[in-house]
Amino acid sequence: MSQAYFIAGTDTDVGKTTIAAGLLHAARLQNLSTLAAKPVASGCAVTPKGLRNSDALALIDASSLKLPYEEVNPFAFEPAIAPHVAAREAGVVLEVPVLLKAMRHVLDQQADFTLVEGAGGWRVPLSAHANLSDLAIALKLPVILVVGVRLGCINHALLSAEAIARDGLQLAGWVANIVDPRTARLEENLSSLAERLPAPCLGRVPWLNKASADAVAEHLQLDLLD
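Residues numbered from 1 in each chain as written. Predicted model: local features only at pLDDT ≥ 70, side-chain atom pairs only at ≥ 80, totals over all residues. Heavy atoms only, no water.

Named according to an unreviewed UniProt entry, the protein chain is ATP-dependent dethiobiotin synthetase BioD originating from Pseudomonas muyukensis. Listed in UniProt under the heading Sequence similarities (unreviewed entry), the comment for the protein chain reads: "Belongs to the dethiobiotin synthetase family." In its Subcellular location (unreviewed entry) section, the UniProt entry covering the protein chain states "Cytoplasm". (UniProt positions renumbered as here; feature names shortened; annotations may be inferred.)

Written as structure tokens, this is what we have:
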């Protein structure tokens, strides 16, 4: 049976793509076909082939099934700013039905393990009237929450989990990504997260000098997912 999840983060720069690539690699080690998409990305490089986002490219590299770049990342914007601001500056209206159609095409590929990666945190705006979380709700996908472990992460993680539940989605699991290895009382913080978050911890990913997909996968447990 195919599994598909929405990857959310507690904030921006918490390592969603790093963890997503690790999850994809772990799935491939189990001989599962994999595919991932990033519907909206800002902070893209200008290339001869068009705008390209490093996170989207990393997801493509980690996926066993290959789709054209534009299908993996249908909305790409050059400035590294909030997606709704970048879209407005580009004269683009980000609409959930359009994003939903694009992501359903990805899900229709029927990979054994599919990930749809968000941008920033759970309530990132798409427009004046919509948030990226509305796409997750429309897709009805269970959520994997990437917790960037640093000072303040408990509050961010619990609020994110509450919002996900309030939106009617299942928190399938969470990953502790230790983005600041100098975090005071690290073990106590991790214990508090494990006690309070209503889902299994899929792994604790330490600070890695080279956070490659295979290195990250060593710290993840896919078998804890429903």
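Undergrad: What's the story with the side chain of D167 in this structure? I'm lost.
TA: Among the secondary structure elements, D167 is positioned in the loop between helix 7 (153-166) and strand 9 (171-177). Those residues in contact with D167 that sit more than four places away from it in its chain are W122, R123, S133 and I137. (Helix = DSSP H or I, 4+ residues; strand = E, 2+ residues; numbered from the N terminus. Contact = heavy atoms within 4.5 Å.)

Undergrad: I tried to follow the pattern of salt bridges on my own but got confused; where do I start?
TA: Side chains bearing opposite charge may pair, as long as their charged atoms lie close to each other. Within the structure shown, the criterion is met by 6 salt bridges. D11 is paired through a salt bridge with R150; the nearest N and O atoms lie 3.5 Å apart. Of the two residues, D11 is situated in the loop between strand 1 (3-9) and helix 1 (16-29) and R150 in the loop between strand 8 (143-148) and helix 7; the sequence distance between them amounts to 139 residues. By relative accessible area, which is 27% here, R150 ends up partly exposed. The shortest N-O distance in the salt bridge between R123 and D167 comes to 2.8 Å. Pair noted here: R123 is in the loop between strand 7 (113-117) and helix 6 (132-139) and D167 is in the loop between helix 7 and strand 9, with a separation of 44 residues, a long-range link. Looking at D167, the relative accessible area reads 19%, which means it is buried. (Salt bridge = Lys/Arg side-chain N within 4 Å of Asp/Glu carboxyl O. Buried < 20%, exposed > 50% of the residue type's maximum accessible area, 1.4 Å probe, protein only.)

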